[in-house]
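Chains, contacts and geometry: an overview
Here's the letter readout for the chains.
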Amino acid sequence: MKERLFSGIRPTGSLHIGNYLGAVKNWVDLQDKYESFFSVVDLHAITTPFNPKELPSKIKDMFCEILASGVDPEKSTLFVQSHVKEHLELTWILSTLTNFNWLTGMIQFKEKSEQHAENVNLALFSYPTLQTADIALYKAKVVPIGEDQVQHIELARDILRKFNYTYGDVFIEPKELITESKRIMGLDATNKMSKSLNNYIAITDTSEDIFKKLRPAVTDPARIRKTDAGTPEKCNVYTSFHKYFSDEETLKTVQEGCTKATIGCIDCKKLLHKNMDQHLSPIRERYLEIKSKVSYVDEMIDFGREKAQKVASETIKSVKEVIGLW
Ligand code: AQP
């Protein structure tokens, strides 16, 4: 039997190349190796400010973007988190085992509460317990994530270990699977690429939009004029983007051109733009095609819910049994 895998993504905006390289591209590669559960985690999305009128389309767009990236709904279970009510049920049960002090140490809570100081709410604080429930419901062993989520998986292990110790072995302790592209920086070269920071390139951006965004992207600060030599490893355009979208030959050209000051930053960005667009344009086209088939998308959403629900309800049944809620 294949090991189970779970991963989720918040429908808080367009799927960007940070999410893509750090998570979704990996999902596509992993879906043959693992029995995979991928979720559009809308319950996580409402822990930070959102617009209720826009949320339904954001959920569907994210679903379509994941399909367009190559997740196959026949091979994997792709579903919307709030459609499977067991996520909330298990969260409440796991909350009784989550030490308050464990949650106060979460870096992402600190970051997000600074970012959204106007609404630092209980759900934002207990978000990692919901994330633990997401993983545990499917008894997932493997959780592919970006570096920013490692602390949450460590916490998930602590919570589930405590559950097993207290009530008996129901859960598997999950392990994170981190990719090479674990932290893609934004176009500002200062913050992690984020949907909410508007420092991103979306996987569905048009060729023109990609270049418009790349043109002002921050590079090596040493390269003020074209004649100033630079260091590729100090250039975010090189480390966050070229490295993942360009082939060996282009990388060599860029490295030499930058260190010897024979090519300017704009030429380097033009090369990147060509390669990035080549990689992303088939995804963009697939996305537009999938999005236009409204009934197909609804069918796939229902299909995913049914498959996820089946596993989730079996797990919650065994959880209730061992804790005496049966
Ligand atoms: N910049 C990134 N580099 C590498 N991986 C990333 N991930 C997110 N940003 C990067 C990974 O993508 C998966 C889904 O993330 P998410 O959307 O659920 O939450 P997030 O990390 O909060 O993503 P954003 O874009 O920063 O969203 P907002 O702005 O809404 O907070 C995760 O595996 C994550 O590690």
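Residues numbered from 1 in each chain as written. Predicted model: local features only at pLDDT ≥ 70, side-chain atom pairs only at ≥ 80, totals over all residues. Heavy atoms only, no water.

Looking now at unusual backbone geometry. A positive phi angle is found at N198, which is not glycine, with a value near 55°. Position of N198 relative to the elements: it lies in the loop between β5 (175-178) and α9 (207-214). Here N198 falls in the exposed class, since its relative accessible area comes to 63%. (Helix = DSSP H or I, 4+ residues; strand = E, 2+ residues; numbered from the N terminus. Buried < 20%, exposed > 50% of the residue type's maximum accessible area, 1.4 Å probe, protein only.)

Now for the nonpolar core. Grouped together as the largest cluster of nonpolar side chains are 53 residues, with contacts concentrated most on I17, F63, I66, F241 and M276. Of all the elements, helix α3 (residues 55-69) adds the most residues to this core, at eight residues. (Core = buried A, V, L, I, M, F, W, Y, C linked by side-chain atoms within 4.5 Å.)

Before going further, it helps to spend a moment on the state of the cysteines. Scanning the entire structure with this criterion turns up zero disulfides. For the unlinked cysteine C235, the closest cysteine sulfur is that of C268, found at 5.9 Å. (Disulfide = S-S within 2.5 Å.)

Further remarks concern the packing of helix α4 (residues 86-95) against helix α13 (residues 294-323). Running from N to C, α4 and α13 point in directions that differ by 25°, and their axes come no closer than 10 Å. Classified by the interaxial angle, the pair formed by α4 and α13 is roughly parallel. For the crossing formed where α4 meets α13, the hand is left-handed. Contacts between α4 and α13 involve E86, E89, L90 and I93 from the first element and Q309, A312, S313, I316, V319, K320 and I323 from the second. A per-class count over the contact of α4 with α13 returns six nonpolar, two polar and three charged. (Axes fitted to C-alpha atoms, helices over the stretch in contact; angles between N-to-C directions. Parallel < 35°, antiparallel > 145°, perpendicular 65-115°, else oblique. Left-handed = near helix turned anticlockwise from the far one by under 90°. Contact = heavy atoms within 4.5 Å. Nonpolar A, V, L, I, M, F, W, Y, C, P; charged D, E, K, R; others polar.)

Attention now goes to the environment of G70. Among the structural elements, G70 can be located in the loop between α3 and β3 (77-80). Expressed as a C-alpha distance, the spacing of G70 and I283, which sit 213 residues apart in the sequence, is 8.2 Å. If we skip the residues at most four places from it in the chain, G70 touches V28 and Q31.

What follows concerns the pattern of salt bridges. One pass over the structure, following the stated rule, counts 19 salt bridges. Sharing partners across several salt bridges, the network here consists of D158, R161 and E173. (Salt bridge = Lys/Arg side-chain N within 4 Å of Asp/Glu carboxyl O.)

With that settled, the discussion passes to the site of the ligand. Around the ligand, a shell composed of 23 residues is seen, among which H16, K112, S194, K195 and S196 lie nearest. I184 places a main-chain nitrogen or oxygen 2.8 Å from a nitrogen atom of the ligand. For the ligand, the accessible surface in isolation is 640 Å², of which the surrounding protein chains cover 98%. When contributions to the shell around the ligand are tallied by element, the ones reaching two or more residues are β1 (4-9) and α1 (17-30). (Near = heavy atom within 4 Å. Polar contact = N/O pair within 3.5 Å; in protein donor to acceptor, adjacent residues only side chain to side chain. Areas by Shrake-Rupley, 256 points an atom, 1.4 Å probe, with all protein chains shown as cover.)

This brings us to the packing of α9 against helix α12 (residues 265-292). It is at 9 Å that the axes of α9 and α12 come closest, and there the two elements cross at 145°. At the point where α9 passes α12, the crossing takes the right-handed sense. Contacts between α9 and α12 pair S207, I210, F211 and L214 from the former with I266, K269, K270, L272, H273, M276, D277, L280 and R284 from the latter. For the contact of α9 with α12, the residue count by class is seven nonpolar, two polar and four charged.

This part takes up the side chain of T77. In this fold, T77 is placed in strand β3. Once residues within four sequence positions are removed from consideration, T77 is found in contact with S36, F37, F38, G304, K307 and A308.

Pairing geometry for β1 and strand β2 (residues 35-40), over six bridges, is parallel. Across the sheet, the residue bridging to I9 is V40, located in β2. (Pairing = 2+ DSSP bridges.)

This paragraph deals with helix α8 (residues 150-167). For α8, built from 18 residues, the straight-helix expectation of 26 Å at 1.5 Å per residue is met to within 8% by its first-to-last C-alpha distance of 26 Å. Turning to α8, its buried residues are V150, H152, I153, L155, A156, R157, I159, L160, F163 and N164. G168 sits one or two positions beyond α8 and adopts a positive phi of about 115°. (Expected span 1.5 Å × (residues − 1).)

This part is about helix α11 (residues 248-259). End to end, α11 covers 16 Å across twelve residues, agreeing with the expected 16 Å (1.5 Å per residue, within 8%). Within α11, burial applies to T250, L251, V254, G257 and C258. The buried side chains of α11 occupy one side of the element, clustering within an arc of 140° when seen end-on. Facing away from the buried side of α11 by over 90 degrees, the exposed positions are E248, E249 and K252. If you follow the buried residues of α11, they end up packed against α10 (236-245) and α12. Residue A261 follows α11 closely and has a positive phi angle near 55°. (Arc of directions from axis to C-beta.)

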